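Coordinate inspection notes
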Amino acid sequence: MSLTISFIYLSENVKDKFLNPESNLFGFEICRKELWGHKMLKDLGCKIISELNEKDLFIVNEELEIVYRDCIIILKNSSVISLTTNYSEIFIEYRVNNLFEFLKVALNNKDNLG
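Structural notes, computed from the coordinates. (Residues numbered from 1 in each chain as written. Predicted model: local features only at pLDDT ≥ 70, side-chain atom pairs only at ≥ 80, totals over all residues. Heavy atoms only, no water.)

On to helix 5 (residues 89-107), then. Taking 1.5 Å of rise per residue, 19 residues should cover 27 Å, and helix 5 covers 26 Å from first to last C-alpha, within 8% of that figure. All of the buried residues along helix 5 are F91, I92, R95, V96, N98, L99, F100, F102, L103 and A106. Among the structural elements, strand 2 (25-28), helix 1 (31-36), helix 3 (63-76) and helix 4 (78-85) are those in contact with the buried residues of helix 5. (Helix = DSSP H or I, 4+ residues; strand = E, 2+ residues; numbered from the N terminus. Expected span 1.5 Å × (residues − 1). Buried < 20%, exposed > 50% of the residue type's maximum accessible area, 1.4 Å probe, protein only. Contact = heavy atoms within 4.5 Å.)

Shown next, in the form of structure tokens:
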């Protein structure tokens, strides 16, 4: 199974207006624990992405900005995260950039998307 990113439509009138970014991949199911839920991410200051270890995430409102900051932390530290988790920097950066694309659209449409 794969971890995927999708929009939560908070308003019925926008469902057909937003196209998903090019890729919605966020890794494999095992990435929950081995990568996104790794203790290192919490130690680096990630607040929400590290919760994937325990559950699916449904991110809305102010949480969008927190996840955006989590992504920045991960990208700035991708080399050390790679060494610790044995996932390549390319793997990590590709998935985080996929999330960034969704976050950009959601942040610009906070009242309608999560």
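What follows concerns unusual backbone geometry. At N61, a position not held by glycine, the phi torsion is positive, near 50 degrees. Assignment of secondary structure puts N61 in the loop between helix 2 (39-44) and helix 3. Accessibility expressed as a relative area gives 39% for N61, which makes it partly exposed. Unlike most non-glycine residues, N86 shows phi in positive territory, near 65 degrees. Checked against the element boundaries, N86 lands in the loop between helix 4 and helix 5.

Mapped onto the secondary structure, N98 falls in helix 5. Under the relative-accessibility criterion, N98 is labelled buried at 8%. With near-sequence residues (within four places) excluded, N98 lies in contact with I5, S23 and L25.

Three or more residues of helix 4 are buried, namely S78, I81, S82 and T85. One side of helix 4 carries all its buried residues, which in axial view fall inside an arc of 105 degrees. Buried residues belonging to helix 4 abut helix 1, helix 2, helix 3 and helix 5. Phi turns positive one or two residues past the end of helix 4, at N86, with a value near 65 degrees. (Arc of directions from axis to C-beta.)

On to the packing of helix 4 against helix 5. Interhelical geometry of helix 4 versus helix 5 gives an angle of 120 degrees and a closest axis separation of 9 Å. Taken as axis vectors, helix 4 and helix 5 run oblique relative to one another. Every pair of crossing elements has a handedness; the one defined by helix 4 and helix 5 is right-handed. Residue-level contacts link S78, S79, I81, S82 and T85 of helix 4 to E89, I92 and E93 of helix 5. (Axes fitted to C-alpha atoms, helices over the stretch in contact; angles between N-to-C directions. Parallel < 35°, antiparallel > 145°, perpendicular 65-115°, else oblique. Left-handed = near helix turned anticlockwise from the far one by under 90°.)

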